[in-house]
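# Observations on the three-dimensional arrangement
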Amino acid sequence: MAAAPAAWWALSALLTLALLGALAGAGRASPISSGAVTSALNARLKNLTDAFAPQVRRELGYCIQDTDSEWNTTFNFSSDPTFLVDCMKEGDLPQRVCTAAELKFYFESILDTSGKKNYVKPNKNCNLTSWIDGCEPGWGCTADIGQEVDLQDAVNFPSRTLDCRGCCPGFFCPHGLTCMIPCPLGAYCPQSTLNKTTGVCDPYNYQPPPGKTNHTCGGADRWSDVMSTDDVFCPAGYYCPSTITKLDCSSGYYCRKGSTSQTKCLSKGSCKPNSATQNITIFGAMLVGALSLVLLIIYNFSDQLLTNREKRQAKSREAAVRHARETVQARERWKSAKDVAKKHAGSLQNSLSRTFSRKKTLRTHESSKGGGGGLHPTEPDADPSKESGGKKNNTDTMRSLEENHGKDEGFNVEAGEKKKTKGRHVHTQSQIFKYAYGQIEKEKALELELEQQPNSNLTFSGVISMATDEDIRTRPRIEIAFKDLTLTLKGSKKKLLRSVTGKLMPGRVAAVMGPSGAGKTTFLSAIAGKATGCATSGMILINDRVEPIRAYKKIIGFVPQDDIVHGNLTVQENLWFNARCRLSAEMSQAEKVLVVERVIDALGLQPVRDSLVGTVEQRGISGGQRKRVNVGLEMVMEPSVLILDEPTSGLDSASSLLLLRALRREALEGVNISMVVHQPSYTLYNMFDDLVLLAKGGMMVYHGPVKKVEEYFQGLGIVVPDRVNPPDYYIDILEGIVKPNTNAAVNVKDLPLRWMLHNGYEVPRDMLQSASDSGSSFREGAGPHAPEAEPRKSIVGELWGNLRDILGQKKDEYDYNKSSEDLSNRKTPGILRQYKYYLGRCGKQRLREARIQGVDFLILGLAGICLGTLAKVSDETFGTLGYTYTVIAVSLLCMIGALRSFSLEKIHYWRERASGMSSLAYFLSKDTIDHFNTIVKPIVYLSMFYFFNNPRSSIWENYVVLVAVVYCVTGIGYTFAIFFQPGSAQLWSALLPVVLTLVSSEQKGTVFANLCYTKWALEAFVIANAQRYSGVWLITRCGSLVKTGYDIDHKILCIVVLAANGIVFRCIAFFCMVIFQKH
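My aim in this report is to walk through the structure given alongside it, one point at a time. Keep in mind that what you see is a predicted model, and the values were worked out from it rather than measured.

The rules we used
- The residue numbers shown here count from 1 along each chain, following its written sequence.
- Per-residue local features of the predicted model are confined to residues with pLDDT of at least 70, and side-chain atom pairs are confined, for both listing and counting, to 80 or more; whole-chain, interface and lining totals are unaffected and use all residues.
- The side-chain numbers reported here are obtained from all heavy atoms of the structure, hydrogens and water having been left aside.
- We count a stretch as a helix when DSSP gives it H or I for four or more residues in a row; a strand needs E for two or more, and each element gets its number in order from the N terminus.
- In what follows, a contact means two residues having at least one pair of non-hydrogen atoms within 4.5 Å.
- Per-residue and other accessible areas were derived by the Shrake-Rupley procedure at a 1.4 Å probe size, with only the shown protein chains allowed to occlude residues.
- We count a salt bridge whenever a side-chain nitrogen from Lys or Arg sits within 4 Å of a carboxyl oxygen from Asp or Glu.
- Exposed residues in this analysis have more than 50% of their type's maximum accessible area, buried residues have under 20%, and partly exposed residues fall in between, with area computed by a 1.4 Å probe over protein chains only.
- Planes of paired rings set the category: under 30 degrees apart is stacked, over 60 is edge-to-face and the rest tilted, where pairs are Phe, Tyr or Trp rings (Trp by its six-membered ring) whose centres lie within 6.5 Å.
- Strand pairing follows a simple DSSP-based rule, namely that at least 2 bridges must link the two strands.
- Comment: axis = line fitted to C-alpha atoms, over the contacting stretch for helices; angle = value between 0 and 180 degrees taken between N-to-C directions.
- These descriptions rest on fixed angle ranges, namely under 35 degrees for roughly parallel, over 145 for roughly antiparallel, 65 to 115 for roughly perpendicular, and the rest for oblique.
- Put simply, a crossing is left-handed when the front helix is turned counterclockwise from the back one by less than a right angle, and right-handed when it is turned clockwise.
- Under the scheme applied, nonpolar residues are Ala, Val, Leu, Ile, Met, Phe, Trp, Tyr, Cys and Pro; charged residues are Asp, Glu, Lys and Arg; polar residues are all the others, including Gly.
- Exposure above 30% relative accessible area and the lack of any salt bridge qualify a residue for a patch; like charges then connect within 9 Å, and the nonpolar side chains Val, Leu, Ile, Met, Phe, Trp and Tyr within 5 Å.
- Nonpolar core, defined: a set of buried Ala, Val, Leu, Ile, Met, Phe, Trp, Tyr and Cys residues in which side-chain atoms within 4.5 Å join the residues together.

Helices and strands together make up the secondary structure of the chain, namely 32 helices and 21 strands. Taking as baseline every contact in the chain between residues at least 6 positions apart, the subset at least 24 positions apart corresponds to 72%. In the form shown here, the chain has an accessible surface area of approximately 50400 Å², with 55% of it arising from carbon and sulfur atoms.

As structure tokens, this is what we get:
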């Protein structure tokens, strides 16, 4: 026992001194009754404990919180002072009890021998020359006649050599001292009896001295920590209400070692008579069953709630579609009826005209005969409809339909009236879907009519305007012009783009083509402002103004080559989330639904809208549909610039055609669309407006209308053979696979120069030099000022250049994402609203990952069973071993579980962050959803560990500590998940808890140990358990705490430190998420 030298003696000396002072006062009183003794004892003891309380707190503050409480549980014999009264009846009690000096000597001797020896050092009364009967274990003597005994004297030993006899019951007499010390509560110190078989004084382990027949067995011989001796501890299965009484533990109760009372079992059948602990394993199983039932109910209820919601939405959509189609059909029927009515009205008018013409002729003839008398002729322009009110009403109705065609929100056939429902005034789900599908059906009908009118120049925005009968939002038109655009890696000085000049116009679809390594993706990244780690020269103009393109990122859509789509969400959920987060916050929900429904309809995703996209483990929609969803994520935010990186790769011709038609529809609204394509079919090729053709090295070969590309290359003598797709032929030439079929000396390397000269662009000197060296026709362009070739760099130089490239890339990424300038004039939802949207999405994802969560809970429960069974709680160490395993196991399992929150969604976050979504809302939503695991996982583990291990601390105390541990390690798991790759993060998560536990246990008291969260977690567990050990356990508790360096007052501090660690690591994780971005 490596305790501080003053620890034990201060503990027992101070508290026992207070007691012995009271005993001295009580001893002077007339021992008439135990009540008188009790009153005198309490009165004197109260004053002495108050006087010694400051010194106790100063010396033993690390293991004693409340002096009064500790005294009551250790030395308050007022409930049964029988042993005191009996001992007083023998007389001279104050003359036989130990003084402060003797107490100090006893505990220091025990400390020096680490409790391994059961005797003290030689002293005044017991030494080699003087060894009386009172020096034997269990015996004591009275002070000599005339010897003044000062119990508070901590220096001088009184001489005790008279009237040596056995210790009074309830006291112990150390081996080598001739005084008595009262046993604490929870101890059993009866008068011993000689076991004739073993020759030992039971229930203690000392023997009477040989050869002394008059020396009988005495009382108890020592009180120490339980690891040194447990002779005076009330045995398990019994309880000792006083230090001289031992009672059997009744059925339905259990009694741990050192108990002063019996504790009722949770179930009477779980505790037989003399039970040391209660068997509460069944309660753990019941708790697991109840928790599983609750989780299943929550999961099934939530899943059923989502399913019912999806069914209601599907029914509302189907009803809205039927209503919209019926409305269109009714409109068509009315239109047909109107046309028929017009036709019949015209024929009737002609017939009446002919009839009246004949009658007029006859009347004229008759009047000529009759001398001018007769009827006046009917006026030829008379309206025949006036003859019938019904005909008038029908004609007015048809005329009203003709005049208001396409302007109403929906047509109600019931009364021949129009019923308008504006998007901003609808609220219910049914109204929203009716509004959306009604608009879509009318837009389709108007488009069909416009297609039948070849001279119509109305754009898609005009179609929407006609269909909605209100002014629609017009997207900002963005024209991107670039001149002499050159991109060079900052470290290695490698040029990715060279002197690229051109213009991307709104309302046009441009195809970017070229061989591998031509810089197509780099070119689009530079246009979108996403080219990082590069030094950019030249000029990029936005609407003829020098403005940063990143200031328009809220209205710029960038579709990456990889299909970055959440696989555990449906198609509609993916699109709807992007629409809510990226569309204007001022848009109503109905208008946002309309935008999403337009995109779903345009991309042909109606059949799979409620299907999960799918992951590697779970099959979902097809690859082509997934690609269209990837494009739809950018279309739903109504961009002004849409950039796509190989959107048709992996698609069949039908899917590619469907996708391009949807993009052309976007272009009709003025969207500036550019896309990288590989080997498009001739049909797709002719659907593009412009072509950007790049050669290897990032040099432009052609940029202009698709209709003029063949004319341009024919001027260079490059003619596309018959039945050969032009883009394939040009790319084969740039790749060097096919040589130009021309007699002119046209080199492939000269094509960028030809284009620059064709447009009058300035040609860089290094390009002229390169052309001259290759033997082309541009030798005259090389002058004496041509730069020399760069010297070859060393390996160290290349490494340094690559490092500078990486650092420059990180800096540019950070600058791009942190840029606050916004010129897009679009106010997207704030952080709180995005947090709400993210929270809903994360909740759905976790519900669909319930099986994985269930596996996590199962592993935690199994770990609790194993550790609770193998590492039974030890009274000597307060369960330190089991709690150490608990900290390691829970840390490892929860940390690995926390990795899934961010490891698998890094690329999704990078895409969403680049589009302007809030990183803070994303991080907080993930953390909020993980709080469910922070609450539930400790319950799952403790339901097994606690009921198998059965420690003295309450399950609530263990739960609070475990919640703090899980919260802490979850933050560490976030950091590993964001900063490391998945494999490395798992390795760190497995090693860190073990390493930190070893460091904190081996480097006690050091600064580094205090930085380990495992130290604070283990201290919290041990303190919670140690507080339940009092009375006879007091020396064991203080010795253990001083050995481990723990402080009983640090219980709240440990929880705070663990929570602070969790917060700090979450801040670090968020910082890493914002700063570091790996491709």
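Right, let's talk about the pattern of salt bridges for a bit. Taken as a whole and judged by the stated rule, the model has 25 salt bridges. Between Asp563 and Lys627 there is a salt bridge, with the nearest N and O atoms lying 3.3 Å from each other. Of this pair, Asp563 sits in the loop between strand S17 (556–559) and helix H12 (571–582) while Lys627 sits in helix H14 (residues 623–635); the two residues are 64 residues apart in sequence, bridging distant segments of the chain. Judged by its relative accessible area of 23%, Asp563 falls in the partly exposed class. By relative accessible area, which is 6% here, Lys627 ends up buried.

This part is about the packing of aromatic side chains. What the rule picks out here adds up to 33 aromatic pairs. Taking the centre distance of 5.1 Å and the plane angle of 25 degrees together, the rings of Tyr909 and Tyr922 count as stacked. Residue Tyr909 is found in helix H25 (residues 906–914), and its partner Tyr922 is found in helix H26 (residues 919–949); the two are separated by 13 residues along the sequence. In terms of burial, Tyr909 and Tyr922 fall into one category: buried. By way of ring pairs, the aromatic residues Phe577, Tyr838, Phe902, Tyr909, Tyr922, Phe923, Tyr974 and Phe1070 are connected into one cluster.

Once that is clear, we can look at the side chain of Lys926. Among the secondary structure elements, Lys926 is positioned in helix H26. Using a relative accessible area of 4% as the deciding quantity, one classes Lys926 as buried. Those residues in contact with Lys926 that sit more than four places away from it in its chain are Cys842, Gln845, Ser901, Phe902, Glu905 and Tyr974.

Okay, the pairing of strand S21 (residues 699–705) next. With 6 of 7 residues buried, S21 is to be regarded as a mostly interior element. In this structure, strand S20 (residues 690–695) lies alongside S21, joined through 6 bridges in antiparallel fashion. Bridge pairing in S21 links Ala695 to Met699. Hairpin connection of S20 to S21: 3 residues between the antiparallel strands, including Gly697 at a positive phi of 95 degrees.

Next up on the list: the sheet that holds strand S16 (residues 534–542). A sheet is described by the order of its strands in space; here 3 strands give the open sequence S14-S13-S16, paired in antiparallel fashion. Lying at the two open borders of the sheet, with one neighbouring strand each, are strand S14 (495–504) and S16. Across the sheet, the mean angle separating the axes of adjacent strands is 5 degrees when strand polarity is ignored. Bridge count for strand S13 (residues 480–489) against S14 is 6 bridges, and the pairing is antiparallel. The residue of S14 that forms the bridge with Leu485 is Val500. Against the sheet, helix H11 (residues 520–528) makes contact with S13, S14 and S16, and its axis sits at roughly 115 degrees relative to S13, the strand it touches most.

Another aspect to go through is the pairing of strand S1 (residues 139–143). The buried count for S1 comes to 5 of 5 residues, which makes it a mostly enclosed element. In this sheet, strand S2 (residues 160–166) lies alongside S1 in antiparallel orientation, the contact comprising 4 bridges. What sits directly across from Trp139, in S2, is Gly166.

This paragraph deals with the packing of helix H24 (residues 880–899) against helix H27 (residues 955–979). Contact pair H24 / H27: the axes reach a minimum separation of 8 Å and the direction vectors enclose 45 degrees. Taken together, the axis directions place H24 and H27 in an arrangement best described as oblique. Of the two elements, H24 crosses H27, and the hand of that crossing is right-handed. Residues Tyr883, Thr886, Val890, Ser891, Cys894, Met895, Ala898 and Leu899 of H24 pack against Asn958, Leu962, Val965, Val966, Val969, Thr970, Ile972, Gly973, Tyr974, Phe976 and Ala977 of H27. Its residues placed into classes, the contact of H24 with H27 shows 14 nonpolar, 5 polar and no charged.

On the surface, Leu293, Ile297, Phe301 and Leu305 cluster together into a nonpolar patch covering about 430 Å² of accessible area. Mapped onto the elements of the fold, Leu293 is located in helix H7 (residues 281–370). On the accessibility criterion, Leu293 (52% relative accessible area) is exposed.

Attention now goes to H11. Counting buried positions along H11 gives 7 out of 9 residues, so the element sits mostly inside the fold. Every buried residue of H11 is accounted for by Lys520, Phe523, Leu524, Ser525, Ala526, Ile527 and Ala528.

A few words now on the nonpolar core. Taken as a class, soluble globular proteins show a tendency for nonpolar side chains to be buried jointly. In terms of nonpolar packing, the biggest core is built from 124 residues, with Phe171, Val232 and Tyr941 touching the most fellow members. It is H27 that provides the largest number of residues to this core, a total of 13 residues. Counting residues in each nonpolar core, the second largest holds 93 residues, with Phe523, Val596, Leu605 and Val720 among its members.

Before going further, it helps to examine unusual backbone geometry. In the segment running from Asp202 into Pro203, the intervening peptide bond is cis, with an omega of 5 degrees. Its location among the elements puts Pro203 in the loop between strand S6 (200–202) and strand S7 (238–242). One non-glycine residue, Glu646, lies in the positive phi region at around 55 degrees. For Glu646, the location among the structural elements is in the loop between strand S18 (641–645) and helix H15 (653–667). Residues other than glycine seldom take positive phi values, yet Asn825 does so here, at roughly 60 degrees. Structurally, Asn825 can be placed in the loop between helix H21 (795–818) and helix H22 (831–848). You can call Asn825 exposed: its relative accessible area is 76%.

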